[in-house]
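Summary of the model geometry
One letter stands for each residue in the lines below.
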Amino acid sequence: MDCRRISDSDRERINTFIKRHWFTTTMVIQGKEIDMTKTEDLTWLSF
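No experiment lies behind these values; they were computed from the predicted model shown.

1. Some words on the layout of surface pockets
Considering only enclosed or pocket space, the largest pocket measures out at about 250 Å³ in volume. Along the wall of the largest pocket there are 15 residues; nearest its centre are Ile6, Ile14, Phe17, Ile18 and Thr43. Looking at the lining of the largest pocket, the elements with two or more residues in it are helix H1 (8–22) and strand S4 (42–45). When residues in the lining of the largest pocket are grouped by element, the largest group, six residues, is from H1. When grouped by side-chain class, the residues that make up the lining of the largest pocket number 10 nonpolar, two polar and three charged.

2. Brief notes about the side chain of Arg11
Position of Arg11 among the secondary structure elements: in helix H1. Asp8 is the oppositely charged side chain nearest to the buried, salt-bridge-free Arg11, at an N-O distance of 6.3 Å. Here Met36 takes part through its backbone oxygen, which lies 3.0 Å from a polar atom of the side chain of Arg11. Look past the residues within four positions of Arg11 in its chain and what remains in contact with it is Ile6, Met36, Thr37, Lys38 and Thr39.

Calculation criteria
Residues numbered from 1 in each chain as written. Predicted model: local features only at pLDDT ≥ 70, side-chain atom pairs only at ≥ 80, totals over all residues. Heavy atoms only, no water. 1 Å grid on protein atoms, 1.4 Å probe; cavity = no way out; pocket = protein on both sides within 12 Å on 5 of 7 lines; lining within 4 Å. Points joined across faces, edges and corners; volume = space filled by probe spheres on them. Helix = DSSP H or I, 4+ residues; strand = E, 2+ residues; numbered from the N terminus. Nonpolar A, V, L, I, M, F, W, Y, C, P; charged D, E, K, R; others polar. Buried < 20%, exposed > 50% of the residue type's maximum accessible area, 1.4 Å probe, protein only. Lys, Arg positive; Asp, Glu negative; His and termini not counted. Salt bridge = Lys/Arg side-chain N within 4 Å of Asp/Glu carboxyl O. Polar contact = N/O pair within 3.5 Å; in protein donor to acceptor, adjacent residues only side chain to side chain. Contact = heavy atoms within 4.5 Å.

What follows is the structure in structure tokens.
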């Protein structure tokens, strides 16, 4: 497994994962809507 920042090449695969598990890419955190397609986070990828 590899931990790294989400890159443009990873983004589509990660967005698909989010939609499959939560049915939307918008998350509500403490009453604020967050567009998860634009967050700059880390991801764990398995190769």
